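Below, each chain spelled out in residue letters.
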Amino acid sequence: MEAIWLYQFRLIVIGDSTVGKSCLIRRFTEGRFAQVSDPTVGVDFFSRLVEIEPGKRIKLQIWDTAGQERFRSITRAYYRNSVGGLLLFDITNRRSFQNVHEWLEETKVHVQPYQIVFVLVGHKCDLDTQRQVTRHEAEKLAAAYGMKYIETSARDAINVEKAFTDLTRDIYELVKRGEITIQEGWEGVKSGFVPNVVHSSEEVVKSERRCLC
Amino acid sequence: MSDKDDTETPVITETTPILKDEIREPDKNSESVDQSAKPESESELVASTRRRPEIKPSSDLETSKVQETVSKDVTQTGWGYWGSWGKSLLSSASATVATVGQGISNVIEKAETSLGIPSPSEISSEVKFAAEETSTRENENSLVAGPFGVFSTISSAVQSTGKSVIAGGLDALEFIGKKTMDVIAEGDPGFKRTKGLMNRNSTLSQVLREAKEKEELWTSNEVTMETDKNTHYGLLFDEFQGLSHLEALEMLSQESEIKVKSVLNSLSGEELETLKLELEQLKEAFSLAEFCDEEEEERKGDEDFTKEITELFSQLRVSSKPEKLARARNTAYEWIKAKTLAERKEEEQLEGENAGKVSKSSVEDIHAFAIRSLAELTACSIELFHKTAALVLHGQKQDVTAIERSQTLSQVTVVLCKELSSLSKEFTTSLTTAGVKEKADALNPLITAVFLEASNSASYIQDAFQLLLPVLEISLIENRTESPTHELQVQKPLSEH
């Protein structure tokens, strides 16, 4: 069986330009790492199914945003319809870490009246020798905003799966507890279709048919 | 945009007479018109979503009656017009075409019934749904039927002339699709300026999204096989992120439209008149007059499309490149080529008994691949339009005017639609060849489905193109205000980091 999911979550990936947002998403959705890639224009779209429990799948719709300032007015428009987000900075780029605060402020303004569950992602952790941001300070910042922190590398495929699936699980829990609800006119969470029971009954029918033959 | 309302109403009402006929999908268009009067029709929607030609909800007829009374006065002129158009179109269509394989003669018999098939009916049934939402928001719901005007014209023309269309060949259908807009414009001079079929921005992606969701629902309910799922245009279109890009394009388009309006409101007198005049010129470029009626020169070889589209994009001076699109398109052609070769080999090897079985699976393969390719190409095209819009709005300043860009984009649209039609021709020819031994009623629906999805694809692309108009308008306004004075800063940079 394929492509039957419980929910569809819309996730947004934000952060300064060149921190590796598109590379992280491509690693997650396509399993590849591109050495060179063009800067994202506006937004790009990806999707993938994630199995959070055996038989329980969530479809992730991932919105890859341009980090460049000039596209900011476009990307801002997408916060509102997202339920979760990965906020990336580059551990070898101090500036991108310092901007995390501003990113959060900006989303806060534009996400109203909804909320986004964010995870803070320290990207390019394969380049540990060039590190400019310690794990400790990143964790501290994340905790201050009530976020989880994870370090990833798209190139070496470190924690990429984990970053997305952990976030998905957290959102799923909130949905299950009713803290996030499906709402008309909001695209953040949508219900999918539950695999229906026809399978089993169809098999019954089939075997009956066989008997008749 | 309220000035467009009255001019566009005839588009819908002209399709009304079809309601009396046996073809189901067009009547959904018109239903959208009276949605506000009849909002409780959701249950019947579910039934009609299924692609079963034999299910014909009686309420459709009732609705159509309501519809007729609603739009009686406009309708009267409409039908006669369409009728005569159908005839003249067909004669020219069959004159230009005679290239389809012999196997196509099988098709003729079932042409009429098979036209009631798959996704068009599904999609068009969604119009209603979408219309419901739209109409609650605004009363301009008549526009909703936009893209589906194409369906109804196809159906009506095909039906009235029946077999000869199919006999006439594959070109007829795409030809009809292409011509629809022009015809509408010719029939109603008031409409001419806004030739684009779809001016209600929110509709297209809404309609497609609902269609996809219904397809998903349908496939899950029916527990169809995987192969079956592979032929659902809406699902595939979404898989290639076509819906998302369309939605994104719509957002940019709506934003720009609002800005254009506010600029126009802020101006008066001579200033306003000059701007209006310039915007008028821009609109001209969006009226897609360039669809050639006569059969184009024979395909000039595989490289041509890639070259042509790449050149056009370099003229646009945006950083996005049509590589993905070209790749998808070339893959499709290579696939067909390989398939044809393989078939020939099999033919030689098998010469007989098992041949029927082999071609059966290959016919389905071709069909599935055709639908997939059409969905992919359309999604790529819409992605390109989306990126272009983003770059026109927020890219670096380029030495190219909005009008020049519009003209180029208009050419891009033409090239894309032509490509879709020639690709669908390749596919149907391949289907016809592979399916010589098939029964007509097995082959016909597949061929028809490819035609219709190709025609739909072309409509989506044309509609997406129209979404670029406000984007280019605001670009024009920004350019003219930016060069002499800086009084109009429409796009303010956000907080500095």
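Residues numbered from 1 in each chain as written. Chains lettered and ligands numbered in written order. Predicted model: local features only at pLDDT ≥ 70, side-chain atom pairs only at ≥ 80, totals over all residues. Heavy atoms only, no water.

**A look at the overall build of chain A**
For step 1, the next point in the chain: Assigned secondary structure in chain A consists of 7 helices and 7 strands.
For step 2, the next point in the chain: For chain A, the sequential pattern of α-helices and β-strands runs β-α-β-β-α-β-α-α-β-α-β-α-β-α.
For step 3, the next point in the chain: Classification of the 213 residues of chain A by burial places 50% in the buried group.
For step 4, the next point in the chain: Contacts in chain A between residues at least 24 apart in sequence constitute 77% of all its contacts with a sequence separation of at least 6. (Helix = DSSP H or I, 4+ residues; strand = E, 2+ residues; numbered from the N terminus. Buried < 20%, exposed > 50% of the residue type's maximum accessible area, 1.4 Å probe, protein only. Contact = heavy atoms within 4.5 Å.)

**Some thoughts on the pattern of salt bridges**
For step 1, the next point in the chain: Taken as a whole and assessed by the stated rule, the structure comprises 28 salt bridges over all chains.
For step 2, the next point in the chain: With a shortest N-O distance of 3.5 Å, Lys59(A) and Asp238(B) are connected by a salt bridge. A residue pair is termed interchain when its members come from two chains, as with Lys59(A) in strand E3 (residues 56–65) and Asp238(B) in helix H13 (residues 233–239).
For step 3, the next point in the chain: According to the relative accessible area criterion, Asp238(B) is buried, its value standing at 6%.
For step 4, the next point in the chain: For Glu69(A), the salt bridge identified is with Arg72(A), shortest N-O distance 3.7 Å.
For step 5, the next point in the chain: Residue class for Glu69(A) comes out partly exposed when judged on its relative accessible area of 29%.
For step 6, the next point in the chain: Among the charged side chains, a salt-bridge network with shared partners connects Asp128(A), Arg131(A), Arg135(A), Glu139(A) and Glu151(A). (Salt bridge = Lys/Arg side-chain N within 4 Å of Asp/Glu carboxyl O.)

**Quick word on unusual backbone geometry**
Residues and elements named next belong to chain A.
For step 1, the next point in the chain: At the junction of Gln-112 and Pro-113, the peptide bond is cis and its omega measures out at -5 degrees in the coordinates.
For step 2, the next point in the chain: Among the secondary structure elements, Pro-113 is positioned in the loop between helix H4 (100–111) and strand E5 (117–123).
For step 3, the next point in the chain: Positive phi outside glycine occurs at Lys-124, with the angle close to 65 degrees.
For step 4, the next point in the chain: Positionally, Lys-124 belongs in the loop between E5 and helix H5 (135–144).
For step 5, the next point in the chain: You will see that Ala-157, though not glycine, has its phi angle at about 55 degrees, which is positive.
For step 6, the next point in the chain: Topologically, Ala-157 is positioned in the loop between strand E6 (148–151) and helix H6 (160–176).
For step 7, the next point in the chain: We classify Ala-157 as partly exposed; its relative accessible area is 44%.

**Regarding the nonpolar core**
For step 1, the next point in the chain: Grouped together as the largest cluster of nonpolar side chains are 105 residues, with contacts concentrated most on Phe89(A), Phe385(B), Phe427(B) and Leu468(B).
For step 2, the next point in the chain: For this core, the leading source of residues is helix H20 (residues 440–482) of chain B, giving 19 residues.
For step 3, the next point in the chain: Not counting the four nearest positions on each side in its chain, Phe427(B) is found in contact with Ala332(B), Trp335(B), Ile336(B), Ile366(B), Phe369(B), Ala370(B), Ser373(B) and Val450(B).
For step 4, the next point in the chain: Judged by nonpolar contacts, the second largest core, of 31 residues, contains Leu11(A), Leu24(A), Ile25(A) and Tyr172(A). (Core = buried A, V, L, I, M, F, W, Y, C linked by side-chain atoms within 4.5 Å.)

**Some points on the packing of helix H1 (residues 21–30) of chain A against H6(A)**
Residue and element names in this part refer to chain A.
For step 1, the next point in the chain: Running from amino to carboxyl end, H1 crosses H6 at an angle of 85 degrees, the nearest separation of the two axes being 9 Å. With respect to H6, the axis of H1 lies roughly perpendicular. Contact with H1, carried on its side by Leu-24, Ile-25, Arg-27 and Phe-28, involves Val-160, Glu-161 and Phe-164 of H6 and no other residues of that element.
For step 2, the next point in the chain: Classifying every residue of the contact of H1 with H6 by side-chain character gives 5 nonpolar, no polar and 2 charged. (Axes fitted to C-alpha atoms, helices over the stretch in contact; angles between N-to-C directions. Parallel < 35°, antiparallel > 145°, perpendicular 65-115°, else oblique. Nonpolar A, V, L, I, M, F, W, Y, C, P; charged D, E, K, R; others polar.)

**Overview of the environment of Arg48(A)**
Residue and element names in this part refer to chain A.
For step 1, the next point in the chain: With respect to the secondary-structure elements, Arg-48 resides in strand E2 (residues 43–53).
For step 2, the next point in the chain: Residue classification places Arg-48 among the partly exposed residues on the basis of a relative accessible area of 23%.
For step 3, the next point in the chain: Considered as a pair, Arg-48 and Lys-59 are 11 residues apart in the sequence and their alpha carbons are 5.8 Å apart.
For step 4, the next point in the chain: Look past the residues within four positions of Arg-48 in its chain and what remains in contact with it is Phe-28, Thr-29, Ile-58, Lys-59, Leu-60 and Glu-161.
For step 5, the next point in the chain: Among the polar contacts listed, one links the side chain of Arg-48 to the side chain of Glu-161, at a separation of 2.6 Å. (Polar contact = N/O pair within 3.5 Å; in protein donor to acceptor, adjacent residues only side chain to side chain.)

**Regarding the pairing of strand E1 (residues 7–15) of chain A**
Residue and element names in this part refer to chain A.
For step 1, the next point in the chain: Burial analysis of E1 places 8 of its 9 residues in the buried class, which makes it a mostly covered element.
For step 2, the next point in the chain: Two strands pair when backbone bridges link them, and E1 and E3 are joined in this way by 7 bridges, in the parallel orientation. Note on E3: the bridge partner recorded for Gln-8 is Lys-59.
For step 3, the next point in the chain: Of the pairings in the sheet, the one linking E1 to strand E7 (residues 189–191) comprises 3 bridges and is antiparallel in character. Residue pairing in the sheet places Phe-9 in a bridge with Val-189 of E7.
For step 4, the next point in the chain: Of the pairings in the sheet, the one linking E1 to strand E4 (residues 84–90) comprises 5 bridges and is parallel in character. Among the inter-strand pairings, Gly-15 is bridged to a residue of E4, identified as Leu-88. (Pairing = 2+ DSSP bridges.)

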